[in-house]
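Here is what each chain is made of, one letter per residue.
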Amino acid sequence: ALPLQAAPDANEFLKAGKFVEGILALEAHLAVQPKDDVARFGLGITRFVQSTAELGQKLSVYGVLAPNNRDIHPMFPSPPKPDEPLTYSRLREILAEWVADLNRVDATLKMIESEDVKLPINVGSIPLSLGTGATPLTLLPVLRGFRIGPAGQEADFAIAFDRADVDWLRGYVHLLLTIGEIGLAYDGQGLFDVVAHRVFKYTKVPHEFLTEPSRDTNRRWFDFEEIADWVAAIHMLRFPLVEPQRMTAALAIWNRRSG
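What you see is a predicted model; the values in this text were computed from it and never measured.

A. Inspection of the nonpolar core at higher detail. In terms of nonpolar packing, the biggest core is built from 26 residues, with Leu14, Phe41, Ile45, Phe48, Leu102, Ile121 and Val173 touching the most fellow members. Of all elements in the fold, only α3 (37-60), α4 (88-110), β1 (118-121) and α6 (163-185) reach the threshold of two or more residues within this core. Looking at which element gives the most residues to this core, the answer is α6, with 6 residues. When sequence neighbours within four positions are dropped, the list of residues in contact with Leu102 reads Phe48, Ser51, Val173, Leu176 and Leu177. Grouped together as the second largest cluster of nonpolar side chains are 12 residues, Leu59, Tyr88, Leu130 and Ala196 included.

B. Quick look at the pairing of β1. Only one face of β1 is buried: it carries Leu119 and Ile121, and the other face, with Lys118 and Pro120, is open. As paired elements, β1 and strand β2 (residues 159-162) share 4 bridges and run antiparallel to each other. Looking across to β2, one finds that Ile121 is bridged to Ile159.

C. Just the packing of helix α2 (residues 19-32) against α3, in detail. At a minimum axis distance of 9 Å, the contact between α2 and α3 shows a crossing angle of 150 degrees. The orientation of α2 relative to α3 falls into the category roughly antiparallel. Between α2 and α3 lies a crossing of left-handed hand. Of α3, the residues touching α2 (which contributes Phe19, Val20, Ile23, Leu26, Glu27, His29 and Leu30) are Ala39, Arg40, Gly42, Leu43, Thr46, Arg47, Val49, Gln50 and Ala53. Here the residues of the contact of α2 with α3 are counted per class, giving 9 nonpolar, 4 polar and 3 charged.

D. The pattern of salt bridges, seen in detail. The final tally for this structure, using the stated rule, is 12 salt bridges. Here Arg47 makes a salt bridge to Glu27, at a shortest N to O gap of 2.3 Å. Of this pair, Arg47 sits in helix α3 while Glu27 sits in helix α2; the two residues are 20 residues apart in sequence, bridging distant segments of the chain. Since its relative accessible area comes to 18%, Arg47 is described here as buried. Glu27 sits in the partly exposed class, given a relative accessible area of 31%. Each of Lys58, Arg90, Glu93 and Glu97 takes part in a single network of salt bridges with overlapping partners.

E. Quick look at a nonpolar patch on the surface. Nonpolar side chains collect at one region of the surface, where Trp168, Tyr172, Leu175, Ile179 and Trp254 lie side by side and expose about 570 Å² of accessible area between them. With 4 residues, the single largest contributor to the nonpolar patch is α6. Among the structural elements, Leu175 can be located in helix α6.

F. Layout of the packing of helix α7 (residues 189-199) against helix α8 (residues 224-235). Running from N to C, α7 and α8 cross one another at 145 degrees; their axes reach a closest spacing of 9 Å. When you trace α7 past α8, the crossing you get is left-handed. Two secondary-structure elements touch here, α7 through Leu191, Val194, Val195, His197 and Arg198 and α8 through Glu225, Glu226, Asp229, Trp230, Ala232 and Ala233. Here the residues of the contact of α7 with α8 are counted per class, giving 6 nonpolar, 1 polar and 4 charged.

G. Looking closely at empty space enclosed by the protein. Taken as a whole and assessed by the stated rule, the structure comprises 1 cavity of 30 Å³ or more. Of the pockets and cavities examined, the largest cavity occupies roughly 40 Å³. In terms of lining residues, the largest cavity is bounded by Ser51, Glu54, Leu55, Lys58, Ile94, Glu97, Trp98 and Asp101. Breaking the lining of the largest cavity down by element, the ones donating at least two residues are α3 and α4. Tallied by class, the residues present in the lining of the largest cavity amount to 3 nonpolar, 1 polar and 4 charged.

Rules of the game
- For every chain, the first residue of its written sequence is number 1, and the numbers climb from 1 along that sequence.
- In view of the model being predicted, local features appear only for residues whose pLDDT reaches at least 70, and side-chain atom pairs are presented and counted only at 80 or more, with totals across whole chains, interfaces and linings using the full set of residues.
- By convention in this description, side-chain values take in all heavy atoms of the structure and omit both hydrogens and water.
- Only buried residues count toward a nonpolar core, which is a set of Ala, Val, Leu, Ile, Met, Phe, Trp, Tyr and Cys residues joined through side-chain atoms within 4.5 Å.
- The buried label goes to any residue with under 20% of its type's maximum accessible area, the exposed label to any with over 50%, and the partly exposed label to all in between, with areas taken from a 1.4 Å probe on protein chains only.
- Put simply, DSSP marks the helices as runs of H or I at least four residues long and the strands as runs of E at least two long, and each gets a number from the N terminus on.
- Contacts are assigned to residue pairs that have any heavy atoms within 4.5 Å of one another.
- For two strands to pair, DSSP has to find at least two bridges joining them.
- Under this scheme, a helix contributes an axis fitted over its contacting stretch, all axes are lines through C-alpha atoms, and angles between N-to-C directions fall in the 0 to 180 degree range.
- Here the word oblique covers every angle except those under 35 degrees (roughly parallel), over 145 (roughly antiparallel) and from 65 to 115 (roughly perpendicular).
- Left-handed describes a crossing whose near helix is turned anticlockwise from the far helix by less than a right angle; the clockwise case is right-handed.
- In the scheme used here, Gly and all other residues not listed as nonpolar or charged are polar, with Ala, Val, Leu, Ile, Met, Phe, Trp, Tyr, Cys and Pro taken as nonpolar and Asp, Glu, Lys and Arg as charged.
- Counted as salt bridges are all cases of a side-chain nitrogen of Lys or Arg within 4 Å of a carboxyl oxygen of Asp or Glu.
- The residues that make up patches have over 30% relative accessible area and no salt bridge, and they are joined within 9 Å when like-charged or within 5 Å when they are Val, Leu, Ile, Met, Phe, Trp or Tyr.
- Exposure was quantified through the Shrake-Rupley algorithm and a 1.4 Å probe, taking into account, for residues, occlusion by the shown protein chains and nothing else.
- A 1.4 Å probe that fits but cannot get out identifies a cavity on a 1 Å grid over protein atoms alone, an open set with protein on both sides within 12 Å along at least five of seven lines counts as a pocket, and a residue lines either if it has an atom within 4 Å of a point.
- Grid points are joined across faces, edges and corners, and a volume is the space filled by probe spheres set on the points.

Dropping the structure here:
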């Protein structure tokens, strides 16, 4: 019998920010050794991190605005201007793609059978770029704030994820999937049309005057235009059910068990 092939180290791929490469390497390994649950856990974690990064990058293209509605949010830097502005249909596509990614994560974690899985991950060293050309975010500032590990060595701090964490991550993915399915079940076009420009810089809405520079000379003290937009949003909080099967899917996801 041939000796077992050593599994790719998911932790090393995560620390390097090479999520796609890690996924491909772990998939290739599992095709040969499908019972390697430690590698499968690494694949599930890497897919989850990749799905988060891709969601941020897709949204950042349209200029995610900071709370002041004037500047691009520093966590989501974007190119000067996309070829096409954000439409409601494109926003639904992005949400549907994220749901599909999360379903792959869940399917991966569901196949883990061993009770002895243990996977050390340097959680503070995983770079996460949420925008195009963004400086990667890590949990290192949080670890330093809580004084986890010797000063200056927080990047070496590792958490050994085990079987309980497999179940926890599946539960968290189920929560996100439920939110995504409910979001897709209803039509939010009306709400998008009146407030999308308050969240994204580059949007296509039916009322072009909403995206024009403010004409309120007292905006420094009282932004009547912004208040009017959010009042309009309240009146648009009526969502027609357009994909009822997604509510059935959301209920099924919510009722799943990790076993």
